[in-house]
Amino acid sequence: MRNSPSKHGSGGHSRNFNDATWFPFVKSGFGISPNRSYAVFSLLILLIVGAFISPRLLLDDPTVLLIEKEAVTTTKTKTRTISPKYPRPAAVITQKPLEFTLHCSANETCPRNNYTTTVSYREDDSKLPTCPDYFRWIHEDLRPWAKTGITREALERAKKTANFRLAIVGGKVYVEKFQDAFQTRDVFTIWGFLQLLRKYPGKIPDLELMFDCVDWPVVKAAEFAGVNAPSPPPLFRYCGNEETLDIVFPDWSFWGWSEVNIKPWESLLKELREGNQRTNWINREPYAYWKGNPMVAETRQDLMKCNVSEDHEWNARLYAQDWLRESKEGYKQSDLASQCHHRYKIYIEGSAWSVSEKYILACDSVTLLVKPHYYDFFTRGLLPAHHYWPVKEHDKCRSIKFAVHWGNSHIQKAQDIGKTASEFVQQELKMDYVYDYMYHLLTEYSKLLRFKPEIPRNAVEICSETMACPRSGNERKFMTESLVKHPAETGPCAMPPPYDPASYYAVVKRKQSTAMGIQQWEMKYWSKQNQTGS
């Protein structure tokens, strides 16, 4: 049942409230040097000091003070690191680029001499914007192999749980399948690789990788700690956590989730933007909204206890999603762009991370983020009280009630959080950046290979035609819709540098102190409620 969409239990996670987004220097004990040990010690000192400092922020109305402080700090940081909107045109485009559509034929083979195999950019396009800050995590995800490189032996060890091996040799894609993935996760993931090569033809270096399409990460950092420990197997997947070393990659749903009728990201992003405009934030329902499948995880079943009832009003409106019923009724009640009608939307993980996070963040609503155990490729760039509001995992109902109360009492601040998150999604998670993330991750990964990539013996050449042409229904529809029809007219964004210890721990401290402050406000709120008996 390894491809089942659910998995019981949390796997003994031990997480701080700042979610799993700032861990790479300390999470594994992997190859820790004396300098790194000193940095870890410095972090502990910073957190201890922060524990004493943050309560001092709790004045008569501490929430406004700390949120304003967070906004000022974030603005200063964005001035340094956040890129302008993508892409920045470097020249006036006077001619529409030549488009290449699918070239289907009866023999279902990859057509030759159809799509361009190389691309060159205009000289004035060399001054490209810097990638969003979350691209810096590419350096951290690949850090375990920075000294040793990736050997053929290490790669083969990743085969144990992989669904497929993918090789790029001479600008062509070859896939060796090991086992079926859940639904069409592997199909649309491979489709994503193919579209990357169409966007940047001739620019992706030769490589081989193993990909696991199951939700939960498996490369345990503790098993590869120590001087004499072997290097970890490089295994790509959709999410990671603080205890593992899996390499995080954009999930299949960016190119569409055919089984539940979720469109490719590029078109869905536009619909979400239009959906936001239908109802202003102030006119939305003043409650927290969630709709999903509660049966995939105990934490979601626990969330359902926070629904409105005769005995309790937790300021939450929660709905169980029945996908079987939805499929029979044509998905009329599951249009994501029509679900931006509450001031607050709850994100909660399923068996692991959930693809729903990007849809929730895009809604202009304040995202109430139940403390997560996993991260995907972009969520490590999110900040509490700036992009989302953190919610306790083991006291969900009271935490949600306080969050909604706070937001309804601080209308402008709440709107700012929701708007900041949706702007992040619209500007820094647009499809151009998803491809650029893939480009940079694969390029940096290929530099670590200590062997010459080759076409696997049992692999089959795959191209857009051999994948899309034989398909029908949503699979064919979404592939056609997400097809890259012409090469990019500019190169990918410029990679930001890796974190140095000072900037890394500054972010850690900021996230910790903000989250700690919110917990203090919540405790103070409920203490007052208990005293008044309300």
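Per an unreviewed UniProt entry, the recorded name for the protein is Glycosyl transferase CAP10 domain-containing protein, and the organism is Microthlaspi erraticum.

By the criterion of burial, strand β1 (residues 164-169) is predominantly enclosed, with six of the six residues buried. Across the two faces of β1 the burial is the same, with Phe164, Leu166 and Ile168 and Arg165, Ala167 and Val169 all buried. For β1 and strand β2 (residues 172-177), the ladder comprises six bridges, and the chain directions are antiparallel. When the bridges of β2 are listed, Leu166 appears paired with Val175. Counting the residues in the hairpin turn of β1 and β2 gives two residues, including Gly170, whose phi is positive at 60°. Here β1 pairs with strand β3 (residues 207-211) via five bridges, running antiparallel. Counterpart to Phe164 in the pairing with β3 is Phe211.

Within the protein, residue pLDDT values average 84, and 79% of them lie at 70 or more. Note on residues 1-26: pLDDT under 50 across the span, and 84 contacts to partners over four residues away in sequence or across chains. Confidence over residues 28-41 falls short of pLDDT 50; this stretch has 20 contacts with residues more than four positions distant or in other chains.

We now examine the state of the cysteines. Here the structure, examined in full by the defined rule, presents five disulfides. Shown here is the disulfide that connects Cys131 with Cys493, its sulfur atoms set 2.1 Å apart. Here Cys131 and Cys493 share a disulfide; its torsion about the S-S bond, 100°, makes the bridge right-handed. Residue Cys131 is found in the loop between α2 (62-81) and α3 (137-141), and its partner Cys493 is found in the loop between α14 (473-482) and α15 (501-532); the two are separated by 362 residues along the sequence. Neither residue differs from the other here; Cys131 and Cys493 are each classed as buried. Residue Cys306 pairs covalently with Cys397 via a disulfide, S to S 2.2 Å.

So, about the nonpolar core. Grouped together as the largest cluster of nonpolar side chains are 106 residues, with contacts concentrated most on Tyr134 and Tyr445. When residues of this core are assigned to their parent elements, the largest contribution, 11 residues, is made by helix α12 (residues 431-448). No fewer than three residues from each of domain 1 (133-257 + 432-502) and domain 2 (269-430 + 508-523) sit in this core. Discounting chain neighbours no more than four positions away, the residues touching Tyr445 are Leu142, Ile150, Leu155, Leu207, Glu208, Leu209, Pro234, Phe236 and Ile247. In this structure, Cys306, Ile346, Cys397 and Trp406 belong to the second largest nonpolar core, which totals 29 residues.

Moving on, we come to helix α6 (residues 265-276). Helix length check: α6 (12 residues) gives 16 Å between terminal C-alpha atoms against 16 Å at 1.5 Å per residue, within 8%. Tucked inside the fold, the buried residues of α6 contact α9 (356-361), α11 (411-428) and α12.

Next up on the list: the environment of Cys493. Here Cys493 falls in the buried class, since its relative accessible area comes to 1%. Along the chain, Cys493 and Pro132 lie 361 residues apart, while their C-alpha atoms are 8.7 Å from each other.

Now for α14. Taken as a whole, α14 has its buried residues at Phe478, Met479 and Ser482. Looking straight down α14, one finds that the buried residues subtend no more than 100° of arc, so they occupy a single side.

This paragraph deals with unusual backbone geometry. In this structure, Asn261 is a non-glycine residue whose phi angle is positive, near 65°. Position of Asn261 among the secondary structure elements: in the loop between β5 (247-248) and α6. Phi at Asp364 takes a positive value of approximately 70°, unusual for a residue other than glycine.

Across the sheet, which stays open at both edges, the six strands sit in the order β5-β4-β3-β1-β2-β11 with mixed pairing between neighbours. In this open sheet, the two edge strands, each paired with only one partner strand, are β5 and β11 (460-462). Taken together, the two bridges between strand β4 (residues 235-237) and β5 define a ladder with parallel strand orientation. Looking at β5, one finds that Phe236 is bridged to Ile247. Each of β3, β4 and β5 touches α12; the most contacted strand, β3, lies at about 110° to it.

Time to look at the side chain of Ser231. For Ser231, the location among the structural elements is in the loop between β3 and β4. Judged by its relative accessible area of 14%, Ser231 is buried. Apart from residues lying up to four places away in sequence, Ser231 is in contact with Trp145, Thr148, Ala154, Arg157 and Phe224.

Read from one edge of the open sheet, five strands run β7-β6-β8-β9-β10, paired in parallel fashion. A single partner strand is all that each edge strand has here, and the edge strands are β7 (316-320) and β10 (389-391). With strand direction ignored, the average angle separating the axes of adjacent strands in the sheet is 30°. Note: strand β6 (residues 285-292) against β7, five bridges, orientation parallel. From the neighbouring strand, Tyr289 faces β7, where its bridge partner is Arg317.

What follows is about the packing of helix α10 (residues 396-409) against α11. In the contact formed by α10 and α11, the axes pass within 5 Å of each other and the chain directions differ by 110°. One element, α10, and the other, α11, form an angle in the roughly perpendicular class. Here α10 contributes Trp406, Gly407, Asn408 and Ser409 to the contact with α11, which in turn contributes Ile411, Lys413, Ala414 and Ile417. Residue classes in the contact of α10 with α11 are distributed as four nonpolar, three polar and one charged.

Applying the stated criterion across every chain, the model contains 26 salt bridges. For Arg157, the salt bridge is made with Glu153, and the minimal N-O distance between the two is 2.6 Å. Taken together, the residues Arg157 and Glu153, both in helix α4 (residues 152-157) and four residues apart, mark about one turn of the helix. Here Lys419 and Asp364 are joined by a salt bridge, their closest N and O atoms 3.8 Å apart. Taken together, the positions of Lys419 in helix α11 and Asp364 in the loop between α9 and β9 (366-370) put the pair 55 residues apart, joining distant regions of the chain.

Reading the values: rules and limits
Per-chain numbering applies: the sequence of each chain, read as written, is numbered from 1 onward. The predicted nature of this model means local features are confined to residues of pLDDT at least 70 and side-chain atom pairs, given and counted, to a pLDDT of 80 or more, with totals for whole chains, interfaces and linings taken over all residues. Remark: hydrogens and water are excluded; side-chain values derive from all non-hydrogen atoms of the structure. Working definition: with a 1.4 Å probe on protein chains only, accessible area under 20% of the residue-type maximum means buried, over 50% means exposed, and in between means partly exposed. Helix and strand assignments follow DSSP, with helices taken as H or I runs no shorter than four residues and strands as E runs no shorter than two, numbered in order from the N terminus. For two strands to be treated as a pair, DSSP must find no fewer than two bridges joining them. pLDDT is a per-residue confidence score from the predictor, ranging from 0 to 100. Here, residues are in contact when the closest pair of their heavy atoms is within 4.5 Å. In what follows, a disulfide is any cysteine sulfur pair within 2.5 Å. Here, nonpolar core refers to any group of buried Ala, Val, Leu, Ile, Met, Phe, Trp, Tyr and Cys residues whose side-chain atoms link them within 4.5 Å. The source of the domain bounds is an automatic or database domain assignment. Helix span, expected: 1.5 Å multiplied by one less than the number of residues in the helix. The directions considered for the arc run from the helix axis to the C-beta atoms. In this description, a line fitted to the C-alpha atoms serves as the axis of each element, helices being fitted only across the stretch in contact, and the angle between N-to-C directions of two axes falls anywhere from 0 to 180 degrees. Should an angle fall under 35 degrees it is called roughly parallel, over 145 degrees roughly antiparallel, and 65 to 115 degrees roughly perpendicular, with every other angle called oblique. Note on residue classes: Ala, Val, Leu, Ile, Met, Phe, Trp, Tyr, Cys and Pro are nonpolar, Asp, Glu, Lys and Arg are charged, and everything else, Gly too, is polar. Salt bridges, as used here, are contacts in which a Lys or Arg side-chain nitrogen is within 4 Å of a carboxyl oxygen on Asp or Glu.

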